[in-house]
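Structural features, examined
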Amino acid sequence: MDDCLFCKIINKTIPAEIIYENDRVLAFNDINPQAPTHILIIPKVHIPTLNDLERDHRNLIGELVLVASDLAKELDIADDGYRTNFNCNDSGGQTVYHIHLHLLGGREFGWPPG
Ligand code: 5GP
Ligand code: ZN
């Protein structure tokens, strides 16, 4: 999608620190990290929000979570623990409308979130 920031990162027209990539997903460092590790894991197809998911996206969404799990182990934050989350729409705190799974680690997180 032409005016989507994360599609531009996928197309490499905007640079990012890429951590992992395959044909279906891309993981890159958040530009404004909220923890020592803060990675965004996104599908390469443009899906604006979780509200736009269809049953056919089942494997793709599962892959985002699996990539988070794999990266957490590779980056040695898995044993201590980490936070993953999708924000959805305004009240959920979503600011970029291409779904992304946040992977945050390297510090302790409070609950409930603010
Ligand atoms: P949201 O608030 O939509 O859940 O998360 C969007 C995230 O994208 C934020 O954590 C923000 O820092 C990050 N972000 C916004 N613009 C850019 C950018 O140009 N590059 C990268 N790497 N991250 C970005
Ligand atoms: Zn997009």
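To be clear, the structure that these remarks concern was listed above.
Let us look at the structure shown here.

Calculation rules
- Residues numbered from 1 in each chain as written.
- Chains lettered and ligands numbered in written order.
- Predicted model: local features only at pLDDT ≥ 70, side-chain atom pairs only at ≥ 80, totals over all residues.
- Heavy atoms only, no water.
- Helix = DSSP H or I, 4+ residues; strand = E, 2+ residues; numbered from the N terminus.
- Buried < 20%, exposed > 50% of the residue type's maximum accessible area, 1.4 Å probe, protein only.
- Contact = heavy atoms within 4.5 Å.
- Areas by Shrake-Rupley, 256 points an atom, 1.4 Å probe, with all protein chains shown as cover.
- Lys, Arg positive; Asp, Glu negative; His and termini not counted.
- Charge placed at Lys NZ, Arg CZ, Asp CG, Glu CD.

1. Some thoughts on the overall build of the chain
Helices and strands together make up the secondary structure of the chain, namely three helices and five strands. Taken from the N to the C terminus, the helices and strands of the chain come in the order α-β-β-β-α-β-α-β. Dimensions of the chain, computed from C-alpha atoms along their principal axes, come out at roughly 40 × 30 × 30 Å. Across the 114 residues that make up the chain, the buried fraction comes to 36%. Look at the contacts in the chain between residues 6 or more apart in sequence, and 53% of them connect residues 24 or more apart. Accessible surface, the chain: about 7200 Å² in total, of which carbon and sulfur atoms supply 48%. Taken as two groups, the 9 positive and 17 negative side-chain charges of the chain have centres that lie 3 Å from each other.

2. Things to note about the environment of Trp111
Mapped onto the secondary structure, Trp111 falls in the segment after β5 (101-105). For Trp111 and Arg58, which are 53 residues apart along the polypeptide, the C-alpha to C-alpha distance reads 28 Å.

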